[in-house]
Amino acid sequence: VMGLPQMPLSQEAPAPCYRVDVSGTGKPPVSDDDIVPPGAAKLTLLHNSLLVPEKYDRDIRHYEFKIEGTPVSYKTGDSLAVWPRNPLDKVEEFCKEMG
């Protein structure tokens, strides 16, 4: 049928298109100051709830953060950017699973 993608010739997973380098220092290879823009503030997550059924096709959540005592203010319609850090043990577990 015209316009449809071709079926793969094989069911094998493709080779990885990434490389993982391990620094071995126990510290992140990039400091927070290198990836977090000026003026950003660390906030404490107070509440995290799923707003849709578990089998829903998207993950839609309600988050509440503690902003008292920080330079952060919020007005309706404001957006939030998140720069997460992954715990070293979880990163190592992921790398082990991925080979």
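Just so you know, these numbers come straight off a predicted model, no measurement behind them. (Residues numbered from 1 in each chain as written. Predicted model: local features only at pLDDT ≥ 70, side-chain atom pairs only at ≥ 80, totals over all residues. Heavy atoms only, no water.)

(A) Structural context of the pattern of salt bridges. All told, the structure shown has 2 salt bridges when counted by the stated rule. One salt bridge connects Arg61 with Asp59, and the closest N-O pair in it is separated by 2.8 Å. Residue Arg61 is classed as partly exposed on the basis of its relative accessible area, which comes to 32%. (Salt bridge = Lys/Arg side-chain N within 4 Å of Asp/Glu carboxyl O. Buried < 20%, exposed > 50% of the residue type's maximum accessible area, 1.4 Å probe, protein only.)

(B) Representation of the environment of Val82 within the structure. Mapped onto the secondary structure, Val82 falls in the loop between strand S2 (61–66) and helix H2 (88–98). On the basis of relative accessibility, which here comes to 57%, the residue Val82 falls in the exposed class. Distance from Val82 to Lys42, taken between C-alpha atoms, is 9.6 Å for residues 40 residues apart in sequence. (Helix = DSSP H or I, 4+ residues; strand = E, 2+ residues; numbered from the N terminus.)

(C) Region of interest: the packing of aromatic side chains. Considering all chains together, one arrives at 1 aromatic pair under this definition. For the pair Tyr63 and Phe65, a centre-to-centre distance of 6.2 Å together with 35 degrees between the ring planes defines the contact as tilted. Owing to a relative accessible area of 28%, Phe65 belongs among the partly exposed residues under this scheme. (Phe/Tyr/Trp six-rings, centres within 6.5 Å; stacked < 30°, edge-to-face > 60°.)

(D) Highlighting the layout of surface pockets. Size it by volume and the largest pocket reaches roughly 900 Å³. Together, 24 residues line the largest pocket, and Ala41, Leu43, Phe65, Leu80 and Ala81 are the ones closest to its centre. Of all the elements in the fold, those that place two or more residues in the lining of the largest pocket are helix H1 (32–35) and S2. Tallied by class, the residues present in the lining of the largest pocket amount to 16 nonpolar, 3 polar and 5 charged. (1 Å grid on protein atoms, 1.4 Å probe; cavity = no way out; pocket = protein on both sides within 12 Å on 5 of 7 lines; lining within 4 Å. Points joined across faces, edges and corners; volume = space filled by probe spheres on them. Nonpolar A, V, L, I, M, F, W, Y, C, P; charged D, E, K, R; others polar.)

(E) Broad picture of a negative patch on the surface. On the surface, a cluster of negative charge is contributed by Asp89, Glu92, Glu93 and Glu97. Structurally, Asp89 is set in helix H2. (Patch = residues over 30% accessible without salt bridge, like charges linked within 9 Å, V, L, I, M, F, W, Y side chains within 5 Å. Areas by Shrake-Rupley, 256 points an atom, 1.4 Å probe, with all protein chains shown as cover. Lys, Arg positive; Asp, Glu negative; His and termini not counted. Charge placed at Lys NZ, Arg CZ, Asp CG, Glu CD.)

Taken by themselves, the reported measurements are silent on function.
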